[in-house]
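Close look at the chain arrangement
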Amino acid sequence: RHHVSEIVLRHVFDQCCGRSSVPEILEFKRFQTRWEVIDRTSYRTLLDQEQPLDNFTESQRLLMVDFLCQVLEVGSHPREDYEELLQLCLLFLRGNISGQTEFRFRSPGAYHQARWMAKAIYAIKIVLFENQLELTQSMARGLRKVALFVSLVYVKYWHEANIPEYAPKNDMDFMKIMQTYP
């Protein structure tokens, strides 16, 4: 079931940021090389954006914040990058994580095309620090779209994909939200 979600994310990423024929994603490589000079205490969340959130985005944001808080409270995640994605989504949507005064970002890892999880993690991290990076307007816009999609819709579908008893409802909910997603 996770493989299906990988295909969804790959297509969203390609649609928003453009398809690449090389194994490395140039913006991810630049971000990784700049990591040491980025001020990790100075990031911008969804709530820090200049434009107000539309009704769909705000209502979905509130739903996802509740979902992510519940999932992270349980605290049993099979891999560190799974937990990192959940935490980054919550940070992006809300601006803080309960019980933490300062969020500890992990150093950027592998970023080649085959690492679908990297696309989600890198997109959110780059958007959080985009005011410290030199991005083209089209790439910044594309990565914002990916970060929004991952945080507002994808992470719930992906997180529950491997729970067999959730599968039918999860698939229906995902298809339903995709019909209304702007």
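Each remark here, short or long, concerns the structure printed above.
Overview of the structure. (Residues numbered from 1 in each chain as written. Predicted model: local features only at pLDDT ≥ 70, side-chain atom pairs only at ≥ 80, totals over all residues. Heavy atoms only, no water.)

Quick word on the layout of surface pockets
Once rolled over the atoms, a probe with the size of a water molecule shows which space is left empty. The calculated volume of the largest pocket comes to roughly 660 Å³. For the largest pocket, the lining is made up of 25 residues, of which Q51, R144, K145, L148 and Y181 are closest to its centre. Looking at the lining of the largest pocket, the elements that each hand over two or more residues are α1 (2-17) and α6 (137-160). Among the elements that take part in the lining of the largest pocket, α6 stands out by supplying six residues, more than any other. Looking at the lining of the largest pocket, its residues break down into 13 nonpolar, five polar and seven charged. (1 Å grid on protein atoms, 1.4 Å probe; cavity = no way out; pocket = protein on both sides within 12 Å on 5 of 7 lines; lining within 4 Å. Points joined across faces, edges and corners; volume = space filled by probe spheres on them. Helix = DSSP H or I, 4+ residues; strand = E, 2+ residues; numbered from the N terminus. Nonpolar A, V, L, I, M, F, W, Y, C, P; charged D, E, K, R; others polar.)

A short note on helix α2 (residues 26-34)
Here α2 has its buried residues at E27, F28 and F31. Along the axis of α2, the buried residues cluster in a sector spanning 100 degrees; they form a single face. (Buried < 20%, exposed > 50% of the residue type's maximum accessible area, 1.4 Å probe, protein only. Arc of directions from axis to C-beta.)

Regarding the nonpolar core
Most often, soluble globular proteins keep nonpolar side chains buried together rather than apart. Counting 54 residues, the largest nonpolar core has L85, I124, L143, V150 and W158 as its most contacted members. Secondary structure elements with two or more residues in this core: α1, α2, α3 (55-74), α4 (80-94), α5 (116-128), α6 and α7 (167-180). No other element matches the twelve residues that α6 contributes to this core. Contacts of L143, omitting those with residues within four sequence positions, involve F13, C17, F28, A123, I126 and V127. (Core = buried A, V, L, I, M, F, W, Y, C linked by side-chain atoms within 4.5 Å. Contact = heavy atoms within 4.5 Å.)

Concerning the environment of G18
Along the polypeptide, G18 turns up in the loop between α1 and α2. We classify G18 as partly exposed; its relative accessible area is 34%.

Scope: geometric values only; no functional claims are made or implied.
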